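# Residue-level structural notes
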Amino acid sequence: MIIVFVAYLVVLIGIVVYSAQRSKTNNDFVLGGKKISGFSLALSERATGESAWLLLGLTGYAYSEGMAAIWVALGCVSGILFLWIFLAEPLQHLTEKTGALTVPGLFSAKFSGTQRSFGILSSLIIIFFFVLYIAAQFSGAGKIFNDTFHIDPFWGMVIGSALVTLYTMLGGFITVVATDAFQAVLMVVTCVVLPIIALGIAASNNINVAEAIAQANYLVPQNISTVKQATGGLLILNGLSWAFGYTGQPQLLTRMMAMRNKKETQQSRWLAIAWTLLAYTGAFMIGIIGYQLVQNGLLGTAAAAVATDAEKIMPLLVMTLLNPILAGILLSGAVSAMMSTASSQLMVVSSSMTEDFYLHVAKKKIEEKRMLLLNKLLTLAVGLVGFLLAITMEDTVYGLVSYAWSGIGASFGPAIVLLIFWNRLSRAGVFASLITGTLSAVTWKTWLLEPTGISERLASYFLAFLMAVLFSFLFPERQNRS
């Protein structure tokens, strides 16, 4: 198993070295310089969008909540479909028209004179939430290395964070997309192969998974007796609210922005949708089948680890059920999930700090080589901060991702959707979306989540959308005034 994993790392390093040679300018480093194929970008977007969240967070959530967790999976799939069907083409066209390198750059191109204000505010929001997101990925790496190779979680996080930070520094966006495409294939193989094998083992031990699914309660989590949890209609709304966040994630939107033309965007859409359906079905079933195997004593002493941390179910299934070679391949897929997202988020944070923050604060042009060096140094710094957070925070991967997802999605999502579909959006509306989304996500998560039972994802997005529309009416752009 170790040999297979080392082989995976060798292939990954080979891809990094080869692709890094194509990254020569700052434009290449930040958005690929239109050098990347649509299929690679689609695979990269999917690998980036799912992360350790899919193979650890969702599998663990399905394990602990049962079929009531299906609403989260449906919410995510709905968000991905909306993103690729309705937003991908307009984003590609808007980027081509404006020449923007970042998501905040799209707003600045629409509203003249806002480059500095939008850039600084957006970069502060991105830095705050994405550092938490990166910490979640590094935490996931620690769990995987601990469960599979019995490496101390601390050293697992050291290995994962060092690998990701270094290869992101080397080639930027081009390197990240190249490694993502490779990792996306491994991830979907893991999500397809593991549940099929687990289902076969369940059937051979007379465990009727289909019957358990049919008899399960879809509106009440199976751990309701020990955890304060929303039920019924609120459970459905909270789960489906994951869809909203997809409209505002810069690490996903930049993949559509980097598309070379409309035709490639349309072709790539179907690859992204097929990947999503396979991966989400598989990941959800890993948690459901894993629960049945544990209840019937088929994981032996390993089941004790899942009792304290449900997010260990996927690596423990791999270790217990599979031969070492196949286990090494599938666990490489789990590590890939963490790496692909963390690298993309490092890119978003470092490029936002340079393109949207530093340039506007410094108020002077910087030569190409210095800008490239600055991006690389900031990537290293952000990776270090993410690692320090990962070793000090105790929240689950699911919890950290949910928080960061809510904040970023609610801040940028309403503004992006309205920018594309509503020509009356004003600069005041964009400011309202960014500020309300950030403050409401933090406030709701900290003080209002438990009393109301409503997730911060749903509440913060709704409030930000409402404020964006309201402020656009109250403070319209001059050409809209009548």
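Before going into details, it helps to say that this report is about the structure given with it. (Residues numbered from 1 in each chain as written. Predicted model: local features only at pLDDT ≥ 70, side-chain atom pairs only at ≥ 80, totals over all residues. Heavy atoms only, no water.)

### Observations concerning the packing of aromatic side chains
A full pass over the atoms with the stated rule returns 20 aromatic pairs. Seen from their ring centres, Tyr-8 and Phe-182 are 5.9 Å apart, and the 25° between their planes marks the pair as stacked. Of this pair, Tyr-8 sits in helix H1 (residues 2-20) while Phe-182 sits in helix H7 (residues 153-204), and the two are 174 residues apart along the sequence. Accessibility expressed as a relative area gives 23% for Phe-182, which makes it partly exposed. (Phe/Tyr/Trp six-rings, centres within 6.5 Å; stacked < 30°, edge-to-face > 60°. Helix = DSSP H or I, 4+ residues; strand = E, 2+ residues; numbered from the N terminus. Buried < 20%, exposed > 50% of the residue type's maximum accessible area, 1.4 Å probe, protein only.)

### Concerning the side chain of Gln-249
Structurally, Gln-249 is set in the loop between helix H10 (242-245) and helix H11 (250-257). A polar contact of 3.3 Å, which involves the side chain of Gln-249, links it to the backbone oxygen of Trp-405. Setting aside residues no more than four positions away along its own chain, Gln-249 makes contact with Phe-130, Tyr-133, Trp-405, Ile-408 and Gly-409. (Polar contact = N/O pair within 3.5 Å; in protein donor to acceptor, adjacent residues only side chain to side chain. Contact = heavy atoms within 4.5 Å.)

### A look at the nonpolar core
In terms of nonpolar packing, the biggest core is built from 138 residues, with Trp-53, Leu-54, Phe-107, Tyr-280, Met-338 and Met-339 touching the most fellow members. Counting residues per element, this core draws most heavily on H7, which supplies 16 residues. Discounting residues that sit within four places of it in the chain, Phe-107 has contacts with Thr-114, Phe-118, Phe-412, Ala-415, Ile-416, Leu-419 and Val-430. (Core = buried A, V, L, I, M, F, W, Y, C linked by side-chain atoms within 4.5 Å.)

### Looking at unusual backbone geometry
In this structure, Lys-34 is a non-glycine residue whose phi angle is positive, near 55°. As for its placement among the helices and strands, Lys-34 is situated in the loop between helix H2 (26-31) and helix H3 (38-65). Positioned with a positive phi, Asn-206 is a non-glycine residue whose angle comes to about 60°. Here Asn-206 is to be found in the loop between H7 and helix H8 (209-215).

### As for empty space enclosed by the protein
A complete count under the given rule lists 2 cavities of 30 Å³ or more for this structure. For the largest cavity, the lining is made up of 15 residues, of which Thr-102, Thr-254, Met-347, Val-348 and Ser-351 are closest to its centre. Within the residue set of the lining of the largest cavity, elements represented by two or more residues are helix H5 (103-110), H11 and helix H15 (324-362). In terms of residue count, H15 provides more of the lining of the largest cavity than any other element does, 5 residues in total. Taken together, the residues of the lining of the largest cavity sort by class into 9 nonpolar, 4 polar and 2 charged. One number sums up the size of the second largest cavity: a volume of about 40 Å³. Lining the second largest cavity, in full, are Ser-241, Phe-244, Gly-245, Trp-405, Ser-406, Gly-409, Ala-410, Arg-457 and Tyr-461. When residues in the lining of the second largest cavity are grouped by element, the largest group, 4 residues, is from helix H17 (residues 397-421). (1 Å grid on protein atoms, 1.4 Å probe; cavity = no way out; pocket = protein on both sides within 12 Å on 5 of 7 lines; lining within 4 Å. Points joined across faces, edges and corners; volume = space filled by probe spheres on them. Nonpolar A, V, L, I, M, F, W, Y, C, P; charged D, E, K, R; others polar.)

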